[in-house]
Amino acid sequence: MRHETSQLQQARRQWLEQGQSMAAALDGRLAQSWLRSSQAGVDPQDTRDVPDPMSGSRLSDVLDSNVELLAHAKPVMDFLYHQIRGSRSMVVLADAHSMVLHTQGDRGFLNKAQRVALSQGACWKENSRGTNAIGTALFERMPVRVRGGEHFMAQNAFLHCAAAPIFTAQGAIAGVIDISGEPMASHSHSLGMANMAARMIENSWLKAAYPQHARIHLHPRVEGLGSAAEGILIMRDDGCLIGANQAAMHMLRLSSSDFSSTILQERLQHRLQVHLHNRAPAEVAALRLPGGQRLFFCVHSGHTQLFAASLADGMETPATVAGSSTEAVPSPAVQADASKPQTEAALQPADALAQLDTGDAQWRAVVAKVRRIVHSNVPLLIQGESGTGKEVLARAAHDSGPRRNKPFVAINCAAIPESLIESELFGYAPGAYTGALRAGSLGRIREADGGTLFLDEIGDMPLALQTRLLRVLQERTVSPLGGDSVKVDFAVISATHCRLQDAVAQGRFRADLFYRINGFNVQLPALRERSDWPALWQRLLASHQAPEGTQLAPDLEAAMQRYDWPGNIRQLANTVQTACALLQGDERVIDWPHVADDMRMALQKSESHWSPVERRYHAAAQAQAQGGDEDLLFGAAASPARPIKQQTQQAIAAAMLAFNGNVSQVARQLGVSRQTIYRYLRPTKSAG
Ligand SMILES: Nc1ncnc2c1ncn2[C@@H]1O[C@H](COP(=O)(O)OP(=O)(O)OP(=O)(O)O)[C@@H](O)[C@H]1O
């Protein structure tokens, strides 16, 4: 290393003094970059202070236009920084124009880096800062490492950097992620780490950007599915490719001209619809590319109507898929749907699932989706905030399916102490250990035999247990402590309040287990997103035996309708329960005195925390309700059953339409910053 450094220094001296080429001392790509830097007029010996980084509203504008990149990059940067913490290094995210958007690093090193403006708002374009990892990786469109004296400008020679570009779903450059540190901190893995981080950002972004579309995950090895190296393709309803990550582009030799023109089924030479038919989108199958390469893949059908549409086309569902180990499990319910058109009422039997439909469109869609799979063995994953009714839905799915007369066994995966996991879940043979029951114990999993195993809070399951559970799910056998393995048969429903994809990306959740439990997933809306608040309220009143004709005082009702309900239906149910208990004698109106103190404070506080734009919206909506002039910006119909934040969001979206998507104009009209507008336009996080 010292030898290399002195060689480089000597070459640099000869280059400066005698104009000799650097080609012998530098890797070919870097030598080219030096040539470009020199031709661009960058002064290698420049010792002047670098220009101040961009700040204020100009920086805000750049950050605004990279909102999505930042959102998907930040968790990955946290993860990456965690790996290099304390090694006098930093992680840098820059946009497609080499502008630094975000940095994360050791304080001492961040200060040092700031002296050469390796900080937020600074530009590291190759043609102004000479050869450097950020600018050169963006120019080359590939990962680049630039160590010490390989930097064109002498002032940057204290840096050792590795950067990898981040691509959009259509193969354009979105930005770059870089690891920079002192020479001591630099090691051969940093380029690989930066590259992996770029892939993780792309994958997270790609999956979030197309929730409605079918996604095909590919890898030459089955274990590669779910890893940062997997290929991902996005398919439109008509089978056309509309997005891909870099890994998939390399595997299938795709170019940007393939987007919106390539029919994936033809390119892969495989009937993909079969897998969409198959109701088990995460089941792994294999295909062979025309060149002979074998790829393993699984299909996630997204929220697309593809599945229903192709059934309506009358396509056959084969029992097995050529070249794959996947067995299609035709659902009796689905076959009935496909064979004859039915009215909506006929498709909604009065089963336990139907009981849950209280009129909200999002919830109704969830129920309809779940109904499609209750007759198959496809593992269901239910995601949603705490208290949104995940367990209630799981029970209803069980009660509406063929296993309804068998046990429903719920396990809270986060609550079992490590020391009890083994015996609690897997059971033990008679006399397996001192203190064990003489008759032994079946264990929770065997208790579910024939029925449904509900794995609640699966995202919080310890890693050791994940490995054991995966084996049980794969082999469908349980090995009790001190006993022989026993076959078990059960349907699996899992639930979590966190984003399992993130947990997988952060290494907290096994990717293979994720694919195993995520046969079909539904996202439950938060209560604040539901429009059936009054119906739910009535139902809860009835379940708490409130006297006939019990009503809500209008003022309290208005406050409740505007409230955010962070505890969702659980919090609403508790409120109803308390109110019913506090109603006295022949009282028939629930009012503020019937509300617990903490709840009353929360209801009142939520109004005092309205933002200025929410207050403006509320005033405009009230004026509108009283027959006053309708404010142009708040043209969206007022919907008092929704929380104020959502109503404001809706109105801002309407304003965006009115102003042809011009954020600056909307912001000006409302008298708020563009960032405020972006904040309201961002989809509300409903999980985790
Ligand atoms: N549709 C509904 N009608 C009446 N009560 C409901 C409904 N959905 C949920 N609840 C009530 O809300 C509470 C929370 O429901 P549940 O336990 O299913 O939520 P969860 O999402 O599983 O919560 P957590 O994530 O905290 O486990 C329960 O008391 C349940 O009875």
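For clarity, every value in this text was computed on a predicted model and none was experimentally measured. All residue numbers refer to positions counted from 1 along the written sequence of the respective chain. Local features in this predicted model are restricted to residues of pLDDT 70 or higher, and side-chain atom pairs are both shown and tallied only at a pLDDT of 80 or more, whereas totals for entire chains, interfaces and linings draw on every residue.

Undergrad: Please clarify how the overall build of the chain should be interpreted in this entry.
TA: Helix numbers and strand numbers start at the N terminus; a helix is a DSSP run of H or I with at least 4 residues, a strand a run of E with at least 2. The helix and strand inventory of the chain stands at 29 helices and 19 strands. Among the 688 residues that make up the chain, the fraction classed as buried is 39%. A separation of at least 24 residues holds for 66% of the contacts in the chain among residues at least 6 apart in sequence. In this scheme the burial state of a residue depends on its C-beta neighbours within 10 Å: 20 or more other such atoms mean buried, 12 or fewer mean exposed, and anything in between means partly exposed; the C-beta positions come from the backbone. A pair of residues counts as a contact when their C-beta atoms, built from backbone coordinates, are separated by no more than 7 Å.

Undergrad: Can you help me understand the site of the ligand in this one?
TA: Each residue gets a C-beta atom placed from its backbone. If that atom is within 6 Å of a molecule or strand, the residue is near it. Taken together, 17 residues form the shell around the ligand, and within it Ser386, Gly389, Lys390, Glu391 and Arg570 come nearest. Elements with a contribution of two residues or more to the shell around the ligand: α16 (390-399), α22 (533-543) and α24 (568-582). Residue type decides the class: Asp, Glu, Lys and Arg count as charged, Ala, Val, Leu, Ile, Met, Phe, Trp, Tyr, Cys and Pro as nonpolar, and the leftover types, Gly among them, as polar. A class-by-class count of the residues in the shell around the ligand yields 6 nonpolar, 6 polar and 5 charged. Built from parts of two domains, the shell around the ligand gets at least three residues from each of domain 3 (352-525) and domain 4 (528-608). Each domain's limits were defined by an automated method or a database of domain assignments.

Undergrad: How do you make sense of the confidence of the model for the chain when you look at a structure like this?
TA: Caution applies to low-pLDDT regions: their predicted coordinates should not be interpreted in detail. The predictor rates its confidence in each residue with pLDDT, a number between 0 and 100. When pLDDT is averaged across the chain, the result is 81; 83% of the residues are at 70 or more. In the predicted structure, residues 684-688 sits below a pLDDT of 50 and forms 17 contacts with residues beyond four places in sequence or in another chain. Here the complex is predicted with pTM 0.48, and the ipTM for its interfaces comes to 0.98.

Undergrad: Is there a simple way to explain helix α2 (residues 28-39) in this structure?
TA: Residue pairs spaced three or four apart in an α-helix point in one direction, given the helix's 3.6 residues per turn. When the terminal C-alpha atoms of α2 are compared, their 17 Å separation across 12 residues agrees well with the 16 Å that a helix rising 1.5 Å per residue should span. Those residues of α2 that sit buried are Leu30, Ser33, Trp34 and Ser37. Looking down the long axis of α2, one finds its buried residues gathered within 105 degrees of arc, a one-sided arrangement. Away from the buried face of α2 by more than 90 degrees, exposed residues Gly28 and Gln39 are located. Packing partners of the buried residues in α2 comprise α6 (126-129), α7 (133-140) and β3 (144-147). Positive phi appears at Gly41, one or two residues downstream of α2, with a value of about 85 degrees. Every helix has an expected span of 1.5 Å times one less than the residues it contains. Throughout, the arc means that of the directions going from the helix axis to the C-beta atoms.

Undergrad: What's the story with the pairing of strand β17 (residues 520-523) in this structure? I'm lost.
TA: Consecutive side chains of a regular strand alternate in pointing toward one face of the sheet and then the other. Residues Phe520 and Val522 of β17 are buried on one face, while the alternating residues Asn521 and Gln523, pointing to the opposite face, are not. DSSP calls a pair of strands paired once it identifies at least 2 bridges connecting them. Across 4 bridges, strand β11 (residues 380-383) lies against β17 in parallel orientation. The partner of Ile382 across the bridge, within β17, is Val522.

Undergrad: How should the sheet that holds β11 be read in this particular structure?
TA: Sheets are built from strands paired through backbone hydrogen bonds, the pairs being either parallel or antiparallel. The strand order across the open sheet formed by 5 strands is β12-β13-β16-β11-β17, and the pairing between neighbours is parallel. Looking at strand neighbours, the two that pair on one side only are β12 (408-412) and β17, the edges of this open sheet. Looking at each pair of strands side by side, their axes are set apart by 20 degrees on average, direction ignored. Across 5 bridges, the pairing between β12 and strand β13 (residues 452-456) is parallel. Bridge pairing links Val409 to Leu453 in β13. All axes are obtained by fitting lines to C-alpha atoms, using only the stretch in contact for helices, and the reported angles, taken between N-to-C directions, cover 0 to 180 degrees. Sitting on the sheet, α16 touches β11, β12, β13 and β16 (491-496), and the angle it makes with β16 is about 165 degrees.

Undergrad: It is not clear to me how the sheet that holds strand β9 (residues 285-288) should be interpreted in this structure. Could you clarify?
TA: What the 5 strands build is an open sheet, ordered β8-β7-β6-β10-β9; its pairing is antiparallel. Taken across any chain shown, the strands that pair with only one partner, and hence form the sheet edges, are β8 (241-244) and β9. The sheet shows a mean angle of 30 degrees between the axes of neighbouring strands, taken without regard to direction. The pairing of β9 with strand β10 (residues 294-300) spans 4 bridges and is classified as antiparallel. Among the inter-strand pairings, Ala286 is bridged to a residue of β10, identified as Phe296.

Undergrad: How should the pairing of β8 be read in this particular structure?
TA: Sheet topology places strand β7 (residues 231-235) next to β8; 3 bridges connect them, and they run antiparallel. When the bridges of β8 are listed, Leu233 appears paired with Ala244. The antiparallel hairpin formed by β7 and β8 contains 5 residues in its connecting segment, where Gly239 sits at a positive phi of about 90 degrees.

Undergrad: So what exactly am I meant to see when it comes to the nonpolar core here?
TA: Soluble globular proteins tend to bury their nonpolar side chains together. Here, a nonpolar core denotes buried Ala, Val, Leu, Ile, Met, Phe, Trp, Tyr and Cys residues that are linked to one another through C-beta atoms within 7 Å. One finds Ala163, Ile177 and Val370 to be the most contacted residues of the largest nonpolar core, which totals 126 residues. With 8 residues, helix α8 (residues 190-209) is the largest single contributor of residues to this core. In contact with Ala163, other than residues within four places in its own chain, are Ala133, Ile134, Ala137, Pro143, Val144, Val176, Ile177, Asp178 and Ala194. Of all hydrophobic cores here, the second largest spans 11 residues; its members include Ala651, Val666, Ala667 and Tyr680.

Undergrad: Please clarify how unusual backbone geometry should be interpreted in this entry.
TA: For residues besides glycine, phi is generally negative; the peptide bonds are generally trans as well. At Arg88, a residue that is not glycine, the phi angle is positive and equals roughly 50 degrees. Relative to the assigned elements, Arg88 resides in the loop between α4 (67-84) and β1 (89-95). Even without glycine at this site, Ser98 takes up a positive phi of about 70 degrees. Mapped onto the fold, Ser98 is located in the loop between β1 and β2 (100-105).

Undergrad: I tried to follow the packing of helix α28 (residues 663-670) against helix α29 (residues 674-681) on my own but got confused; where do I start?
TA: When two helices pack together, their arrangement is given by the angle between their axes and by how far apart the axes lie. Where α28 contacts α29, the axes come no closer than 8 Å and their chain directions differ by 105 degrees. Judged by the inter-axis angle, α28 sits roughly perpendicular to α29. Facing Val663, Ser664, Val666 and Ala667 of α28, the residues of α29 in contact are Arg674, Thr676 and Ile677. Tallied by class, residues from the contact of α28 with α29 come to 4 nonpolar, 2 polar and 1 charged. Note that the term roughly parallel is reserved for angles under 35 degrees, roughly antiparallel for angles over 145, roughly perpendicular for angles of 65 to 115, and oblique for everything else.

Undergrad: Got a minute to help me understand the environment of Gln584 in this structure?
TA: Secondary-structure assignment places Gln584 in the loop between α24 and β19 (589-590). Accessibility expressed as a C-beta count within 10 Å gives 8 for Gln584, which makes it exposed. Sequence separation between Gln584 and His594 is 10 residues; the distance between their C-alpha atoms is 9.6 Å.

Undergrad: Honestly, the environment of Thr47 in this entry has me stumped. Any pointers?
TA: Here Thr47 is to be found in the loop between α2 and α3 (56-64). Thr47 sits in the exposed class, given 8 other C-beta atoms within 10 Å. With 106 residues separating them along the chain, Thr47 and Met153 place their C-alpha atoms 9.1 Å apart.

Undergrad: Which parts of the structure should I look at to understand the packing of α4 against α8?
TA: α8 packs onto α4 with a crossing angle of 145 degrees between their chain directions and a minimal axis gap of 9 Å. Pair α4 / α8 crosses with right-handed handedness. Residues Glu68, His72, Ala73, Val76, Leu80 and Gln83 of α4 form the contact with α8, whose own contacting residues are Met193, Ala197, Met200, Ile201, Ser204, Trp205 and Ala208. Taken together, the residues of the contact of α4 with α8 sort by class into 9 nonpolar, 3 polar and 1 charged. Crossing handedness: left-handed means the near helix sits turned counterclockwise from the far one by under a right angle, and right-handed means the same turn made clockwise.

Undergrad: Explain α16 here, please?
TA: When we look at burial in α16, the residues that qualify are Lys390, Leu393, Ala394, Ala396, Ala397 and His398. On its buried face, α16 sits against α14 (352-355), α15 (361-373), β11, β12, β13 and β16.

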